[in-house]
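Residue strings, one per chain:
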Protein chains: 2
Amino acid sequence: MTKKKKAPTSWDVARLAGVSRSTVSFVLNNTPGIKISEETRRRVLEAVKILDYKPNAIARSLAKQKTEAIAFFVLDIANPVFPNMARGIEDVARHNGYTLLLCNTDGKSLRELRYMNLMLERRVDGVIVGALSNEEVSRLARKKNMPLVILEHPRLHEHDVVYADNIQGSYEAVKYLIELGHTRIAHITINPESIIVRERIEGYKKALEDAKIPFDENLLKIFYDQVNEETAINELFSLPNPPTAIFAFSDFMAIQIMKILIKRGIRIPQDISIVGFDDTLANLTIPELTTVSQPFYEMGVKAAEVLIERLKNPDLPIQHIKLPTKLVIRDSTAPRK
Amino acid sequence: MTKKKKAPTSWDVARLAGVSRSTVSFVLNNTPGIKISEETRRRVLEAVKILDYKPNAIARSLAKQKTEAIAFFVLDIANPVFPNMARGIEDVARHNGYTLLLCNTDGKSLRELRYMNLMLERRVDGVIVGALSNEEVSRLARKKNMPLVILEHPRLHEHDVVYADNIQGSYEAVKYLIELGHTRIAHITINPESIIVRERIEGYKKALEDAKIPFDENLLKIFYDQVNEETAINELFSLPNPPTAIFAFSDFMAIQIMKILIKRGIRIPQDISIVGFDDTLANLTIPELTTVSQPFYEMGVKAAEVLIERLKNPDLPIQHIKLPTKLVIRDSTAPRK
DNA sequence: TTGTACGCGTTATCAA
DNA sequence: TTGATAACGCGTACAA
């Protein structure tokens, strides 16, 4: 029933304006080095208005051999760590005339690979990947020379990288606890297959070392599979010399820990200090959480900027950009009693 | 310096396999009704493998007149209300072979309009919009007959709509508080220019009415500009008959309120009950927040499903799908003392 | 079963 | 200053 009126083409515009298709193109793109008489230009623009003509970006992409689109591979857009990154990327992309494609990978390397192939088919101009789980994706990008920016600590891959200084962040958090007088500081974390996990452990150990506090492996709780804060707390508190401060891998984990502690009548920060990481949820808790703030938005912005720079100039040397993290002191930490 | 090796085309494959271009296309697309000899097929596939050929989706889109891409207009991807929607949309899109374009509008109607025009140029197959701020966008979609699904209570527009039952959610929350014995129930909310705000007020009033509790306008705090929970609390508590329960517009607002109350030594839920809305942050607080849970993920899923259905069958009658909200009772509510 | 030729809507290169 | 005309890479009707 619906009238299948097809969208007008530049040909329709040309005919209505009584000029050739190329002239239409010249007018609409203000093609440099080409002069169009005022009268012709007026006629073309009027025809455009009358027909409500919108150039077909697909055809343009085919002709120009670029799509002005970039893709963002995100582990999980519903994880509070990523939305601000996405925002940063989108802001920069939009300002530069690029469209953003969102690819949720769920950290599954197969899906990541599939998406990479899809983006290769779609001929996006470049890809930003949140956390790379599949080295094959990196190789593919290189092989097909698809510009790729990785939001993660640089490893082997020869790609542009933007990352937050996890080691420093972790170091400062623990150093701060030490300055508060704590010497028994626990670190509860997840599977260290991810590099950021290892980095935070590294910062933790280094801060202890610099303060000449011997590392006690009983205070480092690593959950290789399912994280269980309850278990960790139980084990830590059954030590002969339990911790007076806990440094958690993330805000989310810190909050779970806080809940357990409060349920047991342990007061924060009077009885124990808690520090999180990310600063995504830290200002929502009561007491508000001391945490290491990651510059997620800026990371997104920087990643998009680096990518777009590279699109303009493919021969640029590879960049590794480290963004600082910052300790944000709130109410979940206090001097050791 | 970098070798500008261009991506192989179907022509390259055809030449290597010693067949015609159409044969390549037939093999790769398994074109129905066309039989290809095993030998030919093998040769083609081998050539594809050797060249690592990836079909150019842009060219395909141009030829087939569809892009297999949909766009999601989101108010603010960093607002915890939206990521789960985005996930739902992405999941469904991916399963159906569609790619998702993310358009952050910041609720600015101009940007929304610009993005609509851009998506029209890009010839996406359809658009899902989180909350429509610009009626012009709706008109444009209609005019250009671009399928549009709106995630919001149906208003005038003749488009498919998927929305959560805000009135019911609000009603149940207040009803629950009444059942707990509360009669002085405050509602703190934002500018009612948005329809969901008005709906929640409506549900609030209706629950009071059904319980024969007279509506007291002193208990309804509306912030037209900047929300200031502190002011609201001050005013409410200086009433001769202050509230014993507060129903907040959102989880976020509820949390701000909780912080203020706790700071003043008021205990939750012993001294006052608090209810939020959204269920995005409600399980992070201490005590955990009783709230009205919105099915964000399902809304995204449903919206994408409706859109894709319509793409398959444009003549389908318009759908208005209402999804239920659900009261989730946690620890921030208790019987009135 | 395979090949030819045209269409998709632009941009770009030459002539005029 | 403008107009033909050839890419761009693929799908597909039609012919062989």
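The paragraphs below set out a description of the structure included in this document. Worth saying up front: this structure is predicted, and the values here are computed from it rather than measured.

Here we come to helix α4 (residues 57-64) of chain A. Within the span of α4 of chain A, buried status applies to Ala57, Ile58 and Ser61 of chain A. Along α4 of chain A, the residues classed as buried sweep out an arc of 105 degrees about the axis, all on the same side. Residues of α4 of chain A that are buried in the fold lie against α4 (57-64) and α6 (109-122) of chain B. The residue sitting at the N-terminus of α4 of chain A and contributing the capping side-chain oxygen is Asn56 of chain A; that oxygen lies 2.7 Å from the backbone nitrogen of Ile58 of chain A. Looking one or two residues past α4 of chain A, Gln65 of chain A carries a phi angle of roughly 60 degrees, positive in sign.

In the vicinity of DNA strand D, 29 residues are found, and the nearest of them are Lys35 and Thr40 of chain A together with Ser10, Arg21 and Tyr53 of chain B. Considering DNA strand D, the proportion of its atoms within 4 Å of the protein that are sugar or phosphate atoms stands at 65%. A distance of 2.9 Å separates a phosphate oxygen of DNA strand D from a polar backbone atom of Ser20 of chain A. In the environment of DNA strand D, a sugar or linking oxygen lies 3.3 Å from a nitrogen or oxygen atom belonging to the backbone of Lys35 of chain A. Elements with a contribution of two residues or more to the surface near DNA strand D: α2 (21-29) and α4 of chain A together with α2 (21-29) and α4 of chain B.

This brings us to the sheet that holds strand β11 (residues 320-323) of chain A. Taken together, twelve strands build an open sheet; the order of strands is β11(A)-β5(A)-β4(A)-β3(A)-β1(A)-β2(A)-β2(B)-β1(B)-β3(B)-β4(B)-β5(B)-β11(B) and the sheet is mixed. The open sheet has two free edges, formed respectively by β11 of chain A together with β11 (320-323) of chain B, since each of these has just one partner strand. Sheet twist, expressed as the mean angle between neighbouring strand axes with direction ignored, is 20 degrees. Bridging between strand β3 (residues 126-129) of chain A and strand β4 (residues 148-150) of chain A involves three bridges; their strand directions are parallel.

Around DNA strand C, a shell composed of 28 residues is seen, among which Ser10 and Arg21 of chain A together with Ser20, Lys35 and Thr40 of chain B lie nearest. Of what DNA strand C places within 4 Å of the protein, 66% of the atoms are sugar or phosphate. Residue Asn29 of chain A places a side-chain N or O atom 2.9 Å away from a phosphate oxygen belonging to DNA strand C. A distance of 2.4 Å separates a phosphate oxygen of DNA strand C from a polar side-chain atom of Thr40 of chain B. Listed by contribution, the elements that provide at least two residues to the surface near DNA strand C are α2 and α4 of chain A together with α2 and α4 of chain B. Per-element tally for the surface near DNA strand C: the top contributor is α2 of chain A, with five residues.

Analysis parameters
- Residues numbered from 1 in each chain as written.
- Chains lettered and ligands numbered in written order.
- Predicted model: local features only at pLDDT ≥ 70, side-chain atom pairs only at ≥ 80, totals over all residues.
- Heavy atoms only, no water.
- Buried < 20%, exposed > 50% of the residue type's maximum accessible area, 1.4 Å probe, protein only.
- Helix = DSSP H or I, 4+ residues; strand = E, 2+ residues; numbered from the N terminus.
- Arc of directions from axis to C-beta.
- Contact = heavy atoms within 4.5 Å.
- Polar contact = N/O pair within 3.5 Å; in protein donor to acceptor, adjacent residues only side chain to side chain.
- Near = heavy atom within 4 Å.
- Pairing = 2+ DSSP bridges.
- Axes fitted to C-alpha atoms, helices over the stretch in contact; angles between N-to-C directions.

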